[in-house]
Amino acid sequence: MIKFLDLKKVNDAHGPEIRTAVDRVLSSGWYLQGNENAAFEKEFAEFIGTDHAVGVANGLDALTLILRGLIELGRLKPGDEVIVPANTFIATILAITENALVPVLIEPDPATLQIDPKLIEERISKRTKAIMLVHLYGRCAMNQEIEQICKLYDLILLEDNAQAHGCYYGDQRTGSLGLAAGHSFYPGKNLGAMGDGGAVTTNDKELANTIRMLANYGSSKKYEYRYKGRNSRLDEIQAAVLRAKLPHLDDDNENRRKIARIYYDRIDHPDITLPPTEDMRRNVFHIFTILTERRDELKKYLEENGVETLIHYPVPPHKQECYPELSGMQSLNEHPLTYPITENIHLRELSLPISPVLTEEEALRVATLINAFPKRL
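The rules behind the values
- Residues numbered from 1 in each chain as written.
- Predicted model: local features only at pLDDT ≥ 70, side-chain atom pairs only at ≥ 80, totals over all residues.
- Heavy atoms only, no water.
- Helix = DSSP H or I, 4+ residues; strand = E, 2+ residues; numbered from the N terminus.
- Rg over C-alpha atoms; globule rule 2.2 N^0.38 Å.
- Buried < 20%, exposed > 50% of the residue type's maximum accessible area, 1.4 Å probe, protein only.
- Contact = heavy atoms within 4.5 Å.
- Areas by Shrake-Rupley, 256 points an atom, 1.4 Å probe, with all protein chains shown as cover.
- Axes fitted to C-alpha atoms, helices over the stretch in contact; angles between N-to-C directions.
- Parallel < 35°, antiparallel > 145°, perpendicular 65-115°, else oblique.
- Left-handed = near helix turned anticlockwise from the far one by under 90°.
- Nonpolar A, V, L, I, M, F, W, Y, C, P; charged D, E, K, R; others polar.
- Pairing = 2+ DSSP bridges.
- Patch = residues over 30% accessible without salt bridge, like charges linked within 9 Å, V, L, I, M, F, W, Y side chains within 5 Å.
- Salt bridge = Lys/Arg side-chain N within 4 Å of Asp/Glu carboxyl O.
- Polar contact = N/O pair within 3.5 Å; in protein donor to acceptor, adjacent residues only side chain to side chain.

A.B. asks: How would you summarise the overall build of the protein chain if you had to cite specific residues and measurements?
C.D. replies: Within the protein chain one finds 12 helices and 13 strands. On C-alpha atoms alone, the protein chain measures out to a radius of gyration of 21 Å, which is about the 21 Å that the 2.2 N^0.38 rule sets for 377 residues. Seen along its three principal axes, the alpha-carbon backbone of the protein chain occupies a region of about 70 × 60 × 40 Å. The buried share among the 377 residues of the protein chain stands at 57%. Taking contacts inside the protein chain between residues at least 6 apart in sequence as the whole, the part at least 24 apart equals 71%. Of the accessible surface of the protein chain, which amounts to about 16800 Å², a share of 51% is contributed by carbon and sulfur atoms.

A.B. asks: An account of the environment of D268 is requested, with residue identities and associated values reported.
C.D. replies: Relative to the helices and strands, D268 resides in the loop between helix 9 (249-266) and strand 10 (288-291). The sequence separation of D268 and A372 amounts to 104 residues, and the corresponding C-alpha distance is 9.6 Å.

A.B. asks: Which residues make up helix 11 (residues 340-348), and what values do they have?
C.D. replies: Those residues of helix 11 that sit buried are T342, I345, H346 and R348. In the core, the buried residues of helix 11 are packed alongside strand 10, helix 10 (295-304) and strand 13 (349-352).

A.B. asks: Before we move on, could you go through the packing of helix 4 (residues 59-72) against helix 7 (residues 205-214) and cite the residues and values that matter?
C.D. replies: At a minimum axis distance of 9 Å, the contact between helix 4 and helix 7 shows a crossing angle of 110°. Taken together, the axis directions place helix 4 and helix 7 in an arrangement best described as roughly perpendicular. Note on packing geometry: the crossing formed by helix 4 with helix 7 is right-handed. Contacts from L65, I66, R68, G69, L70 and E72 of helix 4 reach helix 7 at L207, T210, I211 and L214. Tallied by class, residues from the contact of helix 4 with helix 7 come to 6 nonpolar, 2 polar and 2 charged.

A.B. asks: Tell me what's going on with the sheet that holds strand 3 (residues 102-106), and back it up with residues and numbers.
C.D. replies: Ordered by their spatial adjacency, 7 strands build an open sheet running 1-9-8-5-4-2-3, and the pairing between neighbours is mixed. Both outer strands of the open sheet, strand 1 (52-56) and strand 3, are each paired with one neighbouring strand and no more. For this sheet the average axis-to-axis angle between neighbouring strands, irrespective of direction, equals 20°. Relative to strand 4 (residues 128-134), strand 2 (residues 81-85) runs parallel, the two sharing 3 bridges. Residue pairing across strands places I83 opposite I131, the latter belonging to strand 4.

A.B. asks: Lay out a nonpolar patch on the surface in plain terms, naming residues and giving numbers.
C.D. replies: Together, Y217, Y223 and Y225 make up an exposed nonpolar region whose accessible area comes to about 400 Å². Position of Y217 relative to the elements: it lies in the loop between helix 7 and helix 8 (236-245).

A.B. asks: Can you break down helix 7 residue by residue, with the values?
C.D. replies: Looking only at helix 7, the buried set comprises L207, A208, T210, I211, M213 and L214. The inward-facing, buried residues of helix 7 abut strand 1, helix 4, strand 8 (180-184) and strand 9 (198-202). With a side-chain oxygen lying 3.1 Å from the backbone nitrogen of E206, the N-terminal cap of helix 7 falls on D204.

A.B. asks: Tell me about the packing of helix 3 (residues 35-48) against helix 8, and name the residues and values.
C.D. replies: Close contact between helix 3 and helix 8 brings their axes to 8 Å; oriented N to C, the two are set at 40°. Put simply, helix 3 runs oblique to helix 8. Crossing handedness for the pair helix 3 and helix 8: left-handed. Listed contacts from helix 8 to N35, E36, N37, A39, F40 and E43 of helix 3 are E236, A239, A240, L242 and R243. Per-class residue counts for the contact of helix 3 with helix 8 are 5 nonpolar, 2 polar and 4 charged.

A.B. asks: Any chance you could break down the pattern of salt bridges for me, citing the residues and the numbers?
C.D. replies: One pass over the structure, following the stated rule, counts 25 salt bridges. We note a salt bridge from R75 to E206, for which the minimum N-O separation is 2.8 Å. Here R75 is found in the loop between helix 4 and strand 2, whereas its partner E206 is found in helix 7, with 131 residues between them in sequence. Classification of R75 as partly exposed rests on a relative accessible area of 30%. In this structure, the salt-bridge partner of K299 is E303, at a minimum N-O distance of 3.2 Å. On the criterion of helical spacing, the pair formed by K299 and E303 is a turn pair, its members being 4 residues apart in helix 10. Residue K299 is classed as buried on the basis of its relative accessible area of 17%. In this structure E303 comes out as partly exposed when scored by relative accessible area, which is 37%. Because the salt bridges share partners, they merge into one network encompassing R24, E36, E43 and R243.

A.B. asks: Before we move on, can you summarise the side chain of R295 with the specific residues and values?
C.D. replies: Counting through the fold element by element, R295 comes out in helix 10. A relative accessible area of 7% means that R295 is categorised as buried. Leaving out residues up to four positions away in the same chain, R295 has contacts with I311, H346, L347, R348, E349 and L350.

A.B. asks: Break down the side chain of H286 for me, citing the residues and quoting the values.
C.D. replies: Considering the arrangement of structural elements, one finds H286 in the loop between helix 9 and strand 10. Take H286: its relative accessible area is 11%, and that puts it in the buried class. Here H286 is in contact with Y137, G138, Q163, G188, K189, N190, R256 and I354, once residues within four sequence places are set aside.

Right, dumping it as structure tokens:
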């Protein structure tokens, strides 16, 4: 079986360094808010290209705390609108609604599967204060049109960089493009921990300090609480593991690109659409997405032939039971809002195996099997 993602192999590739890092923590006897976390925050901020990084418990908390911090600082208020792609993982939207902010869903460009900048301006109102950009699948979603829209309407640009560690926009890494960015270190991410973990990156010292307090029960001094905070901290073991893996991230991403190039060069099937090629620095291929009307049939065929695939994601956020208000119940100029492009993507999307440890031979086998998939008559 060619696994979709073999996490054991991924971590075994850095096994000695990870074991040394974990042993260092065990020997220290310090497990929270210690030297490992402080060192990782410094190293990760330098990698992303920001002045500050704040370690938190997971990616959802990172996004949630950014928005909460902006509310505490008076830069946002409950009821403000946040532009967000309709085609995203639900965590992006959960962070918005948890802060009593209003998500304004924008359809993706079918060519890129990222938020369509041509559709943003018509949805901006007096209450629109921010854009939450999502670098979905590991592909940079930033472009000049979005830059211009943010400047024209004085919108705060935020990034969900959970899937795009190491990706570039020009000479800048994603995660450094806006006011702040949320990162996830869930084990399957390009930079993955051995459990949950997350971080916020920003150049804004005031926001970084506020987020740090909010993540520590609302406190910067023991037993004194400025905010009604929460407990969201990156533990020392996860920070140490991430420190061990971070120096290898660019090389690991380049290995992902090698696999992606094989898929681009070798897959040729009339019933299957591949994502567009582009400057490879703008994509770290967290997920290699293909689209086909025969998704379930192809998935079954590949599994029967020893290839594991996944679907990202079978049900879009606006169709989830927890968000009835997002499914055709909003209105724009008295017309109900629908998201047919997003829904079509979620019905057709299939994710192929891709990782730093997938071999070229395995990728060639996947491509060969796909090309041999019986064509629709």
